[in-house]
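Architecture at a glance
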Amino acid sequence: GPTSRATTTVFGTVGPVSRRDAIILRSAAVWTVFIWVTRIRNILGDETRATSFKVVHVVLALVSVAFAAAIWRVAARSRPVKGRRNARDRVDTSS
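These figures come from a predicted structure and were not determined experimentally.

The residue Ala70 is located in helix α2 (residues 51-75) in this model. A C-alpha to C-alpha distance of 9.9 Å links Ala70 and Leu25, two positions 45 residues apart in sequence.

Here's what the structure looks like:
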């Protein structure tokens, strides 16, 4: 309906994410970025590692951070649209 925030993607129609699920998704995204930033900083500073090892892990980090950004975007669907209320917030005025 006009108050839904459904998004149509190549995978189908996706509705808004609950606040709890958004927190879980954002936590996973932040954790992923934290782990990979720390790991890459350690790998690049390690002179005993081969260049090929470093390149492979930088590519893995970039892919993982891209997934984290996508996860964050999915979690952003939980934000309410200004001026609209979702089905849980509607007040039954029929009584």
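Turning next to a nonpolar patch on the surface. Taken together, the side chains of Val55, Val59, Val63 and Phe67 make up a nonpolar region of the molecular surface, amounting to roughly 370 Å² of accessible area. Along the polypeptide, Val63 turns up in helix α2.

Interhelical geometry of helix α1 (residues 19-45) versus α2 gives an angle of 165 degrees and a closest axis separation of 9 Å. When the interaxial angle is binned, α1 and α2 end up roughly antiparallel. When you trace α1 past α2, the crossing you get is left-handed. The residue makeup of the contact of α1 with α2, split by class, is 19 nonpolar, three polar and three charged.

For Lys54, the location among the structural elements is in helix α2. Of the side chains bearing the opposite charge, Asp46 lies closest to the buried Lys54, which forms no salt bridge; the N-O distance is 6.7 Å. With near-sequence residues (within four places) excluded, Lys54 lies in contact with Ile43, Leu44, Asp46 and Arg49.

Parameters and conventions
- Residues numbered from 1 in each chain as written.
- Predicted model: local features only at pLDDT ≥ 70, side-chain atom pairs only at ≥ 80, totals over all residues.
- Heavy atoms only, no water.
- Helix = DSSP H or I, 4+ residues; strand = E, 2+ residues; numbered from the N terminus.
- Patch = residues over 30% accessible without salt bridge, like charges linked within 9 Å, V, L, I, M, F, W, Y side chains within 5 Å.
- Areas by Shrake-Rupley, 256 points an atom, 1.4 Å probe, with all protein chains shown as cover.
- Salt bridge = Lys/Arg side-chain N within 4 Å of Asp/Glu carboxyl O.
- Axes fitted to C-alpha atoms, helices over the stretch in contact; angles between N-to-C directions.
- Parallel < 35°, antiparallel > 145°, perpendicular 65-115°, else oblique.
- Left-handed = near helix turned anticlockwise from the far one by under 90°.
- Nonpolar A, V, L, I, M, F, W, Y, C, P; charged D, E, K, R; others polar.
- Buried < 20%, exposed > 50% of the residue type's maximum accessible area, 1.4 Å probe, protein only.
- Lys, Arg positive; Asp, Glu negative; His and termini not counted.
- Contact = heavy atoms within 4.5 Å.

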